[in-house]
Amino acid sequence: MENVILGISAYYHDSAAALIINGDIVAAAQEERFSRIKNDSSFPKHAIRFVLNEAGIEVSQITKIAFYDKPFIKFERLLETYHAFAPRGLKSFISAIPVWISEKLFFKKMLKDELKKLGATHFKLFFPEHHLSHAASAFYPSPFEEAAILTLDGVGEWTTTAIGVGKGNSISLLKELHFPHSLGLLYSAFTAYCGFKVNSGEYKLMGLAPYGNAKGDDYLSFRQKIEKELIDLREDGSFLLNMNYFDFATGLRMYNQQRWLKLFGFEALPLNAVAEQKYADLALAVQHVVEKIILKLAKTTKELTGLENIVLAGGVALNSVANGKLRRSNLFAKQWIQPAAGDAGGALGAALAVHHIVDKKERSAKGADAMRNASLGPAFRHDEVEAVLKKYGSVYQNWCGDQKELNRKLAELIKEGNVVGWFQGRMEFGPRALGYRSILADPTNEEMQQKLNLKIKKRESFRPFAPIVLKEDVQAYFEQKDESPYMLHVAPVKKEICGEFPLEFVTWQLTEKLKYKKGLLPAVTHVDGSARVQTVSKERNPKLHDLLSAYKELTGTGVLINTSFNERGEPIVCTPDDAFKSFMRTEMDVLVMEDYLIIKNEQSIDESLFEKEFNLD
């Protein structure tokens with residue numbers, strides 16, 4: 001009898017659904033990709049329908065459903081927190097509690113009602129703890145038979161950080177740090193203060209940090225104030241936040257506005273405003289503090305477990321700069337990070353926890369990465385792609401059966417400075433575009449970063465772009481030996497590639513640093529001489545590997561820019577319709593969907609049909 005388990009995360013941010021059958025990961029996707037609402041937190045009805053359709057099963061065939069945390073314990077934490085901080089937080093209490101009393105106290109009924117709408121009537125419902133879901137998402141798909149586990153995020157029920165051990169089909173959590181002392185919420189507070197949106201802008205703060213001046217007086221002052229006033233850090237990596245400076249426990253914002261103004265000497269940057277140098281210095285200061293804490297926690301994890309391998313999950317595990325430093329510390333022989341490390345991955349972890357811990361089933365994919373390159377979302381048939389192109393009157397070339405010739409043509413187009421929308425196979429699960437819904441371009445073009453940011457992605461000019469590189473060539477360009485298929489590690493670019501920065505470079509202002517050409521790969525080399533590397537192997541992604549090989553044969557460079565196929569504020573594209581819409585709205589030059597090639601400046605597209613469909617100006 002098949003063990004069919006549906007995992008769900010919902011109602012906070014980044015809702016998702018995942019389906020496993022007899023322990024094998026069949027499909028997983030975030031709700032935002034279908035609803036087109038960034039970080040959609042609603043019940044993932046579209047994602048659930050997709051995973052069932054992908055598996056070719058009816059909802060009645062589900063044997064168990066796992067939700068990624070325990071709502072009642074979360075409610076307990078809410079009540080105890082308001083009581084502990086009273087009379088502070090009255091306004092927040094009045095806002096939050098009625099919602100819990102009217103809806104969330106009846107959470108199980110609400111969840112069952114939503115599932116009934118999809119046709120699910122007979123199933124067992126399980127609620128693994130939040131950090132157990134994270135731990136399960138990290139350990140069970142990893143290639144390790146035994147590994148240390150470190151989970152780091154904002155908060156689950158009470159836990160914000162957990163250290164554990166995975167062995168065979170079992171997981172044991174050994175140590176926990178509890179709310180309100182949270183690394184994720186500390187980083188989110190600085191995210192908000194520097195003008196970015198909490199729960200979606202943290203990676204922007206990480207991208208801004210390298211523009212800071214680590215030798216400047218502002219940076220040194222900010223770091224000292226963070227370590228002296230905001231956080232009490234212990235040698236084992238545990239810490240206490242000074243809650244006089246934070247309002248997230250009971251307030252309506254992350255930080256105490258007046259205290260932070262007095263501490264740092266300047267006000268919070270308005271949302272999406274242009275950052276000045278002092279905000280970059282502040283971002284760098286908190287990034288370095290977070291890295292220091294993570295390394296201490298990893299050291300403690302090593303001491304507690306004595307194991308050679310480590311797996312990580314939770315939103316903080318998406319901090320690729322910290323991940324790269326942990327890898328280069330050599331504390332652990334090998335490291336594996338869940339590519340959907342945030343709450344979306346909790347849906348997968350919840351399902352895996354039920355299969356292995358509740359049902360006591362052994363792991364089937366021992367010694368292998370079970371995430372299938374995170375290519376777990378929808379794919380589309382050739383006739384579905386062609387129907388979209390005909391719908392908009394697009395003239396296209398069909399290269400069906402001649403992938404190598406198509407890739408040679410794309411290599412030439414990229415070399416000529418064209419930006420390519422790349423839509424292939426099953427969509428990625430998690431926040432990173434890994435070569436299935438990507439935008440590709442020439443990394444040697446010094447103007448490409450600005451072009452992509454301003455004309456295509458329509459986002460902040462300081463944002464870096466990641467390189468994809470042939471797995472066999474990674475050591476020729478980057479200070480990295482291991483495979484990095486999920487774009488979760490930042491590594492230094494080799495000196496002979498990025499060149500020597502002027503001695504006075506660190507003292508330059510943010511705008512000056514932006515203009516500086518950085519070596520042979522300027523479009524993917526960040527201002528600190530680093531890059532967030534993704535390796536591409538023939539085994540994992542043969543089409544993308546073939547394109548990189550064609551580009552290398554043509555130019556001598558086995559590297560391309562890879563950024564997510566979306567515009568600012570939009571989720572990554574899911575369908576051919578989404579892709580064509582984004583292609584037309586931006587200054588992308590080329591679109592390739594499966595074996596169909598569209599070149600904007602050469603081929604006619606009936607823009608009136610497109611404008612009518614999408615109500616564009």
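Above this text you will find the structure in question.
Note that the structure is predicted; figures quoted are calculated from it, not measured. (Residues numbered from 1 in each chain as written. Predicted model: local features only at pLDDT ≥ 70, side-chain atom pairs only at ≥ 80, totals over all residues. Heavy atoms only, no water.)

For the rest of this paragraph, the subject is unusual backbone geometry. Omega for the peptide link from phenylalanine 179 to proline 180 comes to 10°, which places this bond in the cis form. Along the polypeptide, proline 180 turns up in the loop between strand E8 (170-178) and helix H7 (183-193). Positive phi values are uncommon outside glycine, yet tyrosine 11 reaches one of about 75°. Even without glycine at this site, lysine 458 takes up a positive phi of about 55°. Tracing the backbone through its elements, the reader meets lysine 458 in the loop between helix H16 (448-456) and strand E16 (466-470). (Helix = DSSP H or I, 4+ residues; strand = E, 2+ residues; numbered from the N terminus.)

Time to look at the packing of aromatic side chains. A full pass over the atoms with the stated rule returns 32 aromatic pairs. Between tryptophan 260 and phenylalanine 264 the ring centres are 5.5 Å apart and the planes differ by 70°, which places this aromatic pair in the edge-to-face class. Residue tryptophan 260 and its partner phenylalanine 264 are both found in helix H10 (residues 257-264); the two are separated by 4 residues, about one turn of the helix. In terms of burial, tryptophan 260 and phenylalanine 264 fall into one category: buried. (Phe/Tyr/Trp six-rings, centres within 6.5 Å; stacked < 30°, edge-to-face > 60°. Buried < 20%, exposed > 50% of the residue type's maximum accessible area, 1.4 Å probe, protein only.)

Within the largest apolar cluster, 187 residues are counted, with the highest numbers of intra-cluster contacts made by Leu6, Leu115, Phe190, Phe246, Trp260 and Phe264. Apart from residues no more than four positions distant in its own chain, tryptophan 260 is found in contact with Ala189, Phe190, Tyr193, Leu230, Tyr245, Phe246, Tyr255 and Gly265. Grouped together as the second largest cluster of nonpolar side chains are 22 residues, Leu413, Val420, Leu470 and Leu560 included. (Core = buried A, V, L, I, M, F, W, Y, C linked by side-chain atoms within 4.5 Å. Contact = heavy atoms within 4.5 Å.)

This paragraph deals with the side chain of lysine 518. Here lysine 518 shows up in the loop between helix H19 (510-515) and strand E18 (530-536). Of the buried charged residues, lysine 518 lacks a salt bridge, with glutamate 446 as the closest side chain of opposite charge at 9.1 Å. At 3.4 Å, the side chain of lysine 518 and the backbone oxygen of tyrosine 516 are in polar contact. (Lys, Arg positive; Asp, Glu negative; His and termini not counted. Salt bridge = Lys/Arg side-chain N within 4 Å of Asp/Glu carboxyl O. Polar contact = N/O pair within 3.5 Å; in protein donor to acceptor, adjacent residues only side chain to side chain.)

Let us look at the pattern of salt bridges. In total, this model carries 29 salt bridges according to the counting rule given. Taking the shortest distance from any N to any O, the salt bridge between lysine 302 and glutamate 308 comes out at 3.1 Å. We classify glutamate 308 as partly exposed; its relative accessible area is 46%. The partner of lysine 552 in a salt bridge is aspartate 473, and the shortest N-O contact between them spans 2.8 Å. Here aspartate 473 lies in the loop between E16 and helix H17 (474-477) and lysine 552 lies in helix H20 (residues 542-555), a separation of 79 residues in the sequence. Of the residues examined, aspartate 473 reaches a relative accessible area of 12% and is grouped as buried.

Attention shifts here to the sheet that holds strand E2 (residues 16-21). Pairing in this open sheet of 5 strands is mixed, and the strands run E3-E2-E1-E4-E5 from one edge to the other. Across the chains shown, the open sheet's two edge strands, defined by having one partner strand only, are strand E3 (24-30) and strand E5 (124-126). This sheet shows a mean twist of 15° between the axes of neighbouring strands, independent of strand direction. The sheet contact formed by strand E1 (residues 4-9) and strand E4 (residues 64-67) spans 4 bridges and is parallel. The residue of E4 that forms the bridge with glycine 7 is alanine 66. (Pairing = 2+ DSSP bridges. Axes fitted to C-alpha atoms, helices over the stretch in contact; angles between N-to-C directions.)

Before going further, it helps to examine the pairing of E2. Within E2, 6 of the 6 residues are buried, which leaves the element mostly enclosed by the surrounding structure. Burial along E2 is two-sided: Ala16, Ala18 and Ile20 and Ala17, Leu19 and Ile21, pointing in opposite directions, are all buried. Here E1 runs beside E2; their pairing, made up of 6 bridges, is antiparallel. Looking at the pairing, serine 9 lines up with alanine 16 of E2. The antiparallel hairpin formed by E1 and E2 contains 6 residues in its connecting segment, where tyrosine 11 sits at a positive phi of about 75°. As paired elements, E2 and E3 share 6 bridges and run antiparallel to each other. Residue pairing across strands places alanine 18 opposite alanine 28, the latter belonging to E3. If you look at the hairpin formed by E2 and E3, you'll find 2 residues sitting between the two strands, and asparagine 22 has a positive phi there, around 55°.

To continue, consider the sheet that holds strand E7 (residues 159-167). Strand order in the open sheet made by the 5 strands is E8-E7-E6-E11-E12, with mixed pairing throughout. For this open sheet the edge positions go to E8 and strand E12 (334-337), each flanked by a neighbour on one side alone. Averaged over all adjacent pairs, the angle separating strand axes in this sheet is 20°, with direction ignored. One ladder, built from 8 bridges, connects E7 with E8; its direction is antiparallel. The residue bridging glycine 166 from the neighbouring strand is isoleucine 171, located in E8.

Note that all results are geometric; they support no functional claim without further evidence.
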